[in-house]
Amino acid sequence: MEAPEITLILSPQEIGKAASIIKSGGIVAFPTETVYGLGANALDGEAVSKIFRAKGRPADNPLIVHVSSREMLNMVAMDIPELAFKLMDAFWPGALTIILKRKDVVPDITTGGLDTVAVRMPDNEIALALITGSGVPIAAPSANISGRPSPTKAEHVIKDMDGRIDAVIMGGETRLGVESTVLDLTVTPPALLRPGGLGLEEIIGTIGEVKVIEESVRSPGMRYTHYSPKAKLILVEGERKSVLFEVKRLISESRKQGLKPGVLVSRESAMDIECDAKYILGSVNDLKEVANRLFSGLRFLDEAGVDIGIAEGVFTEEREGRAIMNRLRKAAKERVIKKQE
Ligand code: AMP
Ligand code: MG
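Residues numbered from 1 in each chain as written. Chains lettered and ligands numbered in written order. Predicted model: local features only at pLDDT ≥ 70, side-chain atom pairs only at ≥ 80, totals over all residues. Heavy atoms only, no water.

Peer 1: How do you make sense of the overall build of the protein when you look at a structure like this?
Peer 2: Scanning the protein from terminus to terminus reveals 12 helices and 17 strands. Here the C-alpha atoms of the protein give a radius of gyration of 20 Å, agreeing with the 20 Å that 2.2 N^0.38 yields for 341 residues. Viewed in the frame of its principal axes, the protein has a C-alpha envelope of about 60 × 50 × 30 Å. Relative to its full complement of 341 residues, the protein shows a buried share of 59%. Element-wise, carbon and sulfur atoms account for 49% of the exposed surface of the protein, whose accessible area totals about 14,200 Å². In the protein, 44 side chains carry a positive charge and 47 a negative one; their mean positions are 3 Å apart. (Helix = DSSP H or I, 4+ residues; strand = E, 2+ residues; numbered from the N terminus. Rg over C-alpha atoms; globule rule 2.2 N^0.38 Å. Buried < 20%, exposed > 50% of the residue type's maximum accessible area, 1.4 Å probe, protein only. Areas by Shrake-Rupley, 256 points an atom, 1.4 Å probe, with all protein chains shown as cover. Lys, Arg positive; Asp, Glu negative; His and termini not counted. Charge placed at Lys NZ, Arg CZ, Asp CG, Glu CD.)

Peer 1: It is not clear to me how the sheet that holds strand S14 (residues 261-266) should be interpreted in this structure. Could you clarify?
Peer 2: Within the open sheet, the five strands sit side by side as S15-S14-S16-S13-S17. Their pairing is parallel. At either margin of the open sheet sits one strand with a lone partner, and together these are strand S15 (277-282) and strand S17 (334-338). For this sheet, the mean angle separating the axes of adjacent strands, direction not counted, is 20 degrees. Alignment of S14 against strand S16 (residues 308-313), held across four bridges, turns out to be parallel. Each residue of the ladder has a partner; that of Leu264, found in S16, is Ala311. Sitting on the sheet, helix H12 (residues 320-331) is in contact with strand S13 (232-238), S16 and S17, with an inclination near 140 degrees to S13. (Pairing = 2+ DSSP bridges. Axes fitted to C-alpha atoms, helices over the stretch in contact; angles between N-to-C directions. Contact = heavy atoms within 4.5 Å.)

Peer 1: Got a minute to help me understand the pattern of salt bridges in this structure?
Peer 2: Side chains that differ in charge, positive against negative, can pair when their charged atoms come close. The final tally for this structure, using the stated rule, is 20 salt bridges. Residues Lys288 and Glu320 are paired through a salt bridge, measuring 2.7 Å at the closest nitrogen-oxygen approach. Here Lys288 is found in helix H11 (residues 287-303), whereas its partner Glu320 is found in helix H12, with 32 residues between them in sequence. The exposed category is assigned to Lys288, whose relative accessible area is 57%. Assessed through its relative accessible area of 10%, Glu320 is described here as buried. (Salt bridge = Lys/Arg side-chain N within 4 Å of Asp/Glu carboxyl O.)

Peer 1: Explanation requested: the pairing of S13 in the structure shown.
Peer 2: Sheet faces and side chains relate simply in a regular strand, where the side chains alternate between the two faces. Of all seven residues in S13, five are buried, a share of seventy percent or more. When S13 meets S16, the two strands line up parallel, connected through six bridges. When the bridges of S16 are listed, Val236 appears paired with Glu312. Of the strand pairs in this sheet, S13 and S17 are connected by five bridges, and their pairing is parallel. Across the sheet, the residue bridging to Glu237 is Ile337, located in S17.

Peer 1: Just checking my understanding: could you explain the environment of Asn144 for this structure?
Peer 2: Here Asn144 is to be found in the loop between strand S8 (138-139) and helix H7 (154-161). Of the residues examined, Asn144 reaches a relative accessible area of 3% and is grouped as buried. Asn144 sits 17 residues away from Met161 along the chain, and the two C-alpha atoms are 7.0 Å apart. A polar contact is formed between the side chain of Asn144 and the backbone oxygen of Arg148, at a distance of 3.1 Å. (Polar contact = N/O pair within 3.5 Å; in protein donor to acceptor, adjacent residues only side chain to side chain.)

Peer 1: Looking at this structure, how should I read the packing of aromatic side chains?
Peer 2: The description of an aromatic ring pair uses the distance of the two centres, along with the angle that the planes make with each other. Applying the stated criterion across every chain yields a total of two aromatic pairs. Ring centres of Tyr227 and Phe295 lie 5.3 Å apart, and the angle between their planes is 25 degrees; on these two criteria the pair is classed as stacked. One end of the pair, Tyr227, is in the loop between strand S12 (211-212) and S13; the other, Phe295, is in helix H11, and 68 residues separate them in sequence. Comparing Tyr227 with Phe295 shows no difference in burial state: the two are buried. Both rings, one in Tyr279 and one in Phe300, keep their centres 5.5 Å apart while their planes meet at 40 degrees; by these two values the pair is tilted. (Phe/Tyr/Trp six-rings, centres within 6.5 Å; stacked < 30°, edge-to-face > 60°.)

Peer 1: Honestly, the side chain of His66 in this entry has me stumped. Any pointers?
Peer 2: Positionally, His66 belongs in strand S4 (residues 64-66). At a separation of 3.2 Å, a polar atom in the side chain of His66 contacts the main-chain carbonyl oxygen of Ile64. In contact with His66, other than residues within four places in its own chain, are Arg120, Pro122, Ile131, Pro137, Ile138 and Ala140.

Purely geometric numbers; function is a separate question.
Here's what the structure looks like:
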């Protein structure tokens, strides 16, 4: 890699440098437990607009505001319902973003003009130290170019954002690998707007009823292309043996057309699939592993220079699996569903 144009912040001792950049209206990428975020002072509209420019993000797609304390939450949100406290007690810091009524100090650009605000407390020492050190809530979407897979390593951030942002804190690989679960608490019952790192089962276990909205219209971000590798991705869903058969067929069909295929497969199917560009997502019995490796897998297809990507969508839609299948469907241009043969 050529010498990057962004400041690389290499050690936790240097987080003060990143906090100064945030305080003076700059933008910094930082690790969280989900994916890397691209942060700016959430209360400074000018600073937040730099995030949208750097990512090429549509202006009506609101950002998540990251806080390091309940006091900071109170700076941006009001009329906080009892359920929110229950959830925060159970899951913060953690991969749960809640939608609340916003206060006027939050600029329109941060919330995409909505009268609500998305808030989360990340479970990562570096992220918390950055927010506390900056003294302001930090608005941060994932630190990728809009439409690309979210970054789970600092290297992914540098690849997408070099020359576009002020600095990146090199924090190693993120622990969960998929973004936070987004839950709207301004409606009754609360509505799941985006599945994520925290399982829906856990939320229901804590607050009871949750409404699941497929392909939510109320979360503006869900409308746009997401997570896409450069090559066309075909997702094959269903029972694993039938999926395996179809994946093999698609590999040979693309070869016949003179195209180079690449595959994202389960550990269970890996041995049975012959392909030069093969990436193992993880075991069907280990959804945490798959979540962790998913976005690197989508980026792998680009690095391997394939013409067509084929992914096995064989993960159960429970816990992290709900987010995994959601991201795969969003990344795919085409979806094939195989029934048992
Ligand atoms: P990202 O920052 O890329 O992880 O995306 C943040 C997600 O949260 C997007 O899907 C947004 O549409 C959603 N979001 C952020 N703020 C709000 C809000 N006020 N109401 C509904 N969805 C929101
Ligand atoms: Mg994103």
